[in-house]
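Listed below, chain by chain, are the residues.
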Amino acid sequence: VASRLPLIGPTLQAPADETPVWVSEAVVDLYGLGPGDRIDLPLAQAGRSGGSPALRAFIAGVWRDYSRQHGAIAIDLSDYRRLHGDGLANEIAWWLEPGIGAQAMIDAVRKLSPITEAMEFRETAQLKALSLRIFDRSFAITHALEAIAIAVALFGIATTVAGEALARAREFGMLRHLGLTRSQIGRQFAIEALTGCMLAVIWGLGLGALIAWILVHKVNPQSFHWTMDLHWPVGVLAASALTMLALAALAARLAAREAMGPGPVRAVREDW
């Protein structure tokens, strides 16, 4: 079962006289059931008549299901057929041995019976790609909002450092009177802007991480009754942070150069 279901948490061994089943996370959240509990299933046992629940099953574990928000119960196929007598199937999954290609297996199955011509075959990779495309299409507006937020943040940094540089034009002129070069003043101003932007990036990363944790571990289980593993895209976050810092330093250098355009005497003449 562990190789077929994405189990989470402990898995218990069912007593010898009880039938094990596995429930999805939604069953745990909605009905308060978990490993070790018993649940009545509407399966008429062999040799019994009537439609009343006849099977009291043992919950052996919990599995992660992203398809059914109202809950699902998995039971071993042999147990289901023994208890219910239903030998039909509407979905089949194959696990291929190493070295066997998917297309070769499909061709071999199609030769077994004309019925297989009506069957639809899909590889796991295809299902995952389809799911990701649907997911990305659903959240396309989110990516657009992210791009807009980044552009607004960059514009805000540029305008802030430009205004700061213009406000300190007389200070820059006085520093040039004291013997500092344009390059030294620009480098100093860039370091100041870089430090401020670094604090903003750290604050943004911390706040974003907190919001992501709340969405994944609190909002998501409450809204959809399933959990997800939290993955941190360290490479993307690091690249984004370094890009923001580099652009902030560049904007500071350009703004300081523009502020130091007039001569030092003209820059400080209002103080005389």
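Note: the structure precedes this text.
Below, the structure is looked at part by part. (Residues numbered from 1 in each chain as written. Predicted model: local features only at pLDDT ≥ 70, side-chain atom pairs only at ≥ 80, totals over all residues. Heavy atoms only, no water.)

1. Some thoughts on the packing of helix H7 (residues 182-224) against helix H8 (residues 234-259)
Alright, step 1. For the pair H7 and H8, the least separation of the axes is 8 Å and the interaxial angle reads 145°. The element H7 and its partner H8 pack so that their crossing is right-handed. Across the interface between the two elements, Arg182, Ser183, Gly186, Arg187, Phe189, Ala190, Ala193, Leu194, Cys197, Met198, Val201 and Leu205 of H7 pack against Leu237, Ala241, Met244, Leu245, Ala248, Ala249, Ala252, Arg253, Ala256 and Arg257 of H8.
Alright, step 2. Of the residues contributing to the contact of H7 with H8, the split by class is 16 nonpolar, 2 polar and 4 charged. (Axes fitted to C-alpha atoms, helices over the stretch in contact; angles between N-to-C directions. Helix = DSSP H or I, 4+ residues; strand = E, 2+ residues; numbered from the N terminus. Left-handed = near helix turned anticlockwise from the far one by under 90°. Contact = heavy atoms within 4.5 Å. Nonpolar A, V, L, I, M, F, W, Y, C, P; charged D, E, K, R; others polar.)

2. Comments concerning the nonpolar core
Alright, step 1. Ala165, Phe172 and Phe189 are the most contacted members of the largest nonpolar core, which has 14 residues in total.
Alright, step 2. When contributions to this core are tallied by element, the ones reaching two or more residues are helix H5 (140-167), helix H6 (169-177), H7 and H8.
Alright, step 3. At 5 residues, H8 tops the list of elements feeding residues into this core.
Alright, step 4. Those residues in contact with Phe189, other than ones at most four positions away along the chain, are Val161, Glu164, Ala165, Arg168, Phe172, Ala252 and Ala256.
Alright, step 5. Val21, Val23, Leu33 and Leu83 belong to the second largest nonpolar core, which has 12 residues in total. (Core = buried A, V, L, I, M, F, W, Y, C linked by side-chain atoms within 4.5 Å. Buried < 20%, exposed > 50% of the residue type's maximum accessible area, 1.4 Å probe, protein only.)

3. Things to note about the side chain of Arg64
Alright, step 1. Mapped onto the secondary structure, Arg64 falls in the loop between strand S4 (55-63) and strand S5 (73-75).
Alright, step 2. Overall, Arg64 belongs to the buried group, its relative accessible area being 18%.
Alright, step 3. Reaching out from Arg64, the side chain makes a polar contact with the backbone oxygen of Thr227 at a distance of 3.2 Å.
Alright, step 4. Once residues within four sequence positions are removed from consideration, Arg64 is found in contact with Pro6, Ile8, Glu25, Thr227, Met228 and Asp229. (Polar contact = N/O pair within 3.5 Å; in protein donor to acceptor, adjacent residues only side chain to side chain.)

4. With respect to the pairing of strand S3 (residues 38-41)
Alright, step 1. Burial of S3 is one-sided: the residues Ile39 and Leu41 facing one way are buried, the residues Arg38 and Asp40 facing the other way are not.
Alright, step 2. Looking at chain direction, S3 and S4 are connected through 4 bridges and run antiparallel. Paired with Asp40 across the bridge in S4 is Arg56. (Pairing = 2+ DSSP bridges.)

5. Notes on the environment of Asp229
Alright, step 1. For Asp229, the location among the structural elements is in the loop between H7 and H8.
Alright, step 2. Sequence spacing of Asp229 and His217 is 12 residues, and the spatial spacing of their C-alpha atoms is 8.8 Å.

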